[in-house]
Amino acid sequence: MNFLFILAGFLALVGALGLLVARQPVHQVLAVLLNFCGLAMLYLGLSSEFMAVIQLIVYAGAVMILFLFVIALLTTRTDPIERKEDRLPWQRVAGISVGGAVLLMLALVGLLRPAGAPSLAALPADFGSVKLFGHELLTTHLLPFELLAFILMVAVVGVVILVGRQKA
Amino acid sequence: MPLASLNEYIALAAILFSLGGIGVLIRRSPLTVLMAVELMWNAANLLFVSFARMHGNMDGNVMAFLVITVAAAEVAIGLALIVLLFRKKDHADVDDLHELKN
């Protein structure tokens, strides 16, 4: 295990934990940004440079800025969004134990791999390059690409229908 | 050279996915729940990229790219719903949303 892997994994874990414990919405967004930066470092370590750049531009740049806009617009009042009292008792204990069970199952699946399973292989020279990525996206995976364009259009139309029609 | 073995990447993705799931379950602000769902998408993406690196072809990277785009669309719709929610109610705690319950 390399020092860089430990550092990037640590950043990702600290970001995820920060989302769980932070009270202020802006602090939560910063924690998630830390998580995304750690994941971008991990993608670089997996020689997927294009994915690292996309992670930073689309996720850290666009999606989290969208979150920040909504937080800045909506949570200007001082009282917290979450009420103090729990309507659902034992929610915290139940949530953490269910999450722990999921973690246990996934860890068992991940760690108990069969003997002789392939490990990280030698790479073709242009793995991770934008050229190969674009070629794969626009030839082999053309149908998902077109469906994706349709999904994005549906999202835009849906957002406009949901919030755009109020004459405020 | 890869930084770590495949199992370590899988374990890290499992931990991140579980932390996102715990966030969905224990936090009651809709914004936080949406961000925790983003963490879960990202854990799945880390697995896609790791397995693409293992097999040495780009299919996993393309799939992770598609996941990122779908997640962006999901965030747009989800934030629009949250904006409507904040306009309609003065408390947006997810426990208070029971209009669909009859």
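Going by the structure above, here's the rest.
Source: prediction; values computed, not measured. Counting restarts for each chain: residues are numbered from 1 in the order of the written sequence. Each chain takes a letter, starting from A, and each ligand takes a number, starting from 1, following the order in which they are written. Selection of residues for local features in this predicted model requires a pLDDT of at least 70, selection of side-chain atom pairs for listing and counting requires 80 or more, and totals for whole chains, interfaces and linings are taken over all residues. The basis for every side-chain value is the complete set of non-hydrogen atoms in the structure, without hydrogens or water.

Caption draft 1: A look at the overall build of chain B. Across its full length, chain B holds three helices and zero strands. Helix and strand labels come from DSSP, where a helix needs a run of H or I of at least four residues and a strand needs a run of E of at least two; each type is numbered from the N terminus. Beginning at the N terminus, the succession of helices and strands in chain B can be written as α-α-α. For a compact globule the rule gives 2.2 Å times the number of residues to the power 0.38, and the radius of gyration it is set against comes from C-alpha atoms. A compact globule built from 102 residues would reach a C-alpha radius of gyration of about 13 Å, whereas chain B, at 17 Å, exceeds it by more than 25%. Each of the three principal axes of chain B carries a C-alpha extent, and together these read 55 × 25 × 25 Å. Burial classes follow relative accessibility: with a 1.4 Å probe on protein chains only, a residue under 20% of its type's maximum area counts as buried, one over 50% as exposed, and anything between as partly exposed. Looking at chain B as a whole, 63% of its 102 residues qualify as buried. A contact between two residues is defined here by any heavy atoms of the two lying within 4.5 Å. Sequence-distant contacts in chain B: of pairs separated by 6 or more residues, those separated by 24 or more amount to 57%. Using the Shrake-Rupley algorithm and a 1.4 Å probe, accessible areas are obtained, with residue cover drawn only from the displayed protein chains. When the accessible surface of chain B is split by element, carbon and sulfur atoms take 69% of a total near 3800 Å².

Caption draft 2: Molecular detail of the interface of chain A and chain B. Contacts between the two partners involve 89 residues from chain A, matched on the other side by 73 residues from chain B. Reported buried area values correspond to the accessible surface (1.4 Å probe) lost by two parts on association, with both partners' losses combined. Each partner contributes to the roughly 7600 Å² buried at the junction of chain A and chain B, and carbon and sulfur atoms together form 74% of this total. Here, a salt bridge means any Lys or Arg side-chain nitrogen found within 4 Å of an Asp or Glu carboxyl oxygen. On the surface where chain A and chain B come into contact, there are zero salt bridges. Under the rule applied, a polar contact is a pair of N or O atoms within 3.5 Å (in protein, one hydrogen donor and one hydrogen acceptor; residues adjacent in sequence only if both atoms are side-chain atoms). Counting the contacts that link chain A with chain B gives ten residue pairs in polar contact (both at pLDDT 80 or more). A total of 13 residues in the side of chain A that touches chain B trace back to one element, the largest contributor, which is helix α4 (residues 91-111) of chain A. Residue composition of the side of chain A that touches chain B, grouped by class: 57 nonpolar, 20 polar and twelve charged. Here the term charged refers only to Asp, Glu, Lys and Arg, the term nonpolar to Ala, Val, Leu, Ile, Met, Phe, Trp, Tyr, Cys and Pro, and the term polar to all other amino acids, Gly among them.

Caption draft 3: The arrangement of the nonpolar core in detail. In these notes, a set of buried Ala, Val, Leu, Ile, Met, Phe, Trp, Tyr and Cys residues joined through side-chain atoms within 4.5 Å is what counts as a nonpolar core. Grouped together as the largest cluster of nonpolar side chains are 60 residues, with contacts concentrated most on Phe67 of chain A together with Leu46 of chain B. Of all the secondary-structure elements, those providing two or more residues to this core are α1 (3-21), α2 (25-45), α3 (49-74) and α5 (130-140) of chain A together with α1 (6-26), α2 (30-55) and α3 (59-88) of chain B. Sorting elements by how many residues they give to this core places α3 of chain B first, with twelve residues. Non-local contacts of Leu46 of chain B, meaning those with residues more than four positions away in its chain, are made with Leu39, Leu42, Tyr43 and Leu46 of chain A together with Tyr9, Leu12, Ala13 and Leu16 of chain B.

Caption draft 4: Structural view of the packing of α1 of chain A against α2 of chain A. All names here are of chain A. Here α1 crosses α2 at 155°, and the two axes come no closer than 7 Å. As far as their axial angle goes, α2 and α1 are roughly antiparallel. The two elements α1 and α2 cross, and the hand of that crossing is left-handed. Here Phe5, Leu7, Ala8, Gly9, Leu11, Ala12, Val14, Gly15, Ala16, Gly18 and Leu19 of α1 come into contact with α2, specifically with Gln28, Ala31, Val32, Leu34, Asn35, Gly38, Met41 and Leu42. Split by residue class, the contact of α1 with α2 holds 13 nonpolar, six polar and no charged. Between N-to-C directions, angles cover 0 to 180 degrees, with each direction set by a line fitted to C-alpha atoms, over the stretch in contact for helices. Each angle gets one of four labels, with under 35 degrees taken as roughly parallel, over 145 as roughly antiparallel, 65 to 115 as roughly perpendicular, and the rest as oblique. Crossings are classed by handedness, with left-handed meaning an anticlockwise turn of the near helix from the far one by less than a right angle and right-handed meaning a clockwise turn.

Caption draft 5: Representation of α4 of chain A in the model. Residue and element names in this part refer to chain A. Over its 21 residues, α4 extends 30 Å from the first C-alpha to the last, a length consistent with the 30 Å expected when each residue adds 1.5 Å. Inspection of α4 places Gln91, Gly95, Gly99 and Gly110 among the buried residues, and these make up the whole buried set. All buried residues of α4 project into a common sector of 60° when viewed along the axis, lining one side. Every exposed residue of α4 that faces more than 90 degrees away from the buried side is listed here: Leu104, Met105 and Leu111. For a helix, the expected span equals 1.5 Å multiplied by the number of residues minus one. This arc is taken over the directions from the axis of the helix to the C-beta atoms.

Caption draft 6: Representation of the packing of aromatic side chains within the structure. Here a pair means two rings of Phe, Tyr or Trp (six-membered ring of Trp) with centres within 6.5 Å. Their orientation is stacked below 30 degrees between planes, edge-to-face above 60, and tilted elsewhere. For the coordinates displayed, the defined rule picks out five aromatic pairs over all chains. Among the aromatic residues, those joined into a ring-pair cluster are Phe50 and Phe133 of chain A together with Phe65 of chain B.

Caption draft 7: Structural view of the side chain of His141 of chain A. Note that His141 of chain A resides in the loop between α5 and α6 (142-163). At 3.2 Å, the side chain of His141 of chain A and the side chain of Asp59 of chain B are in polar contact.

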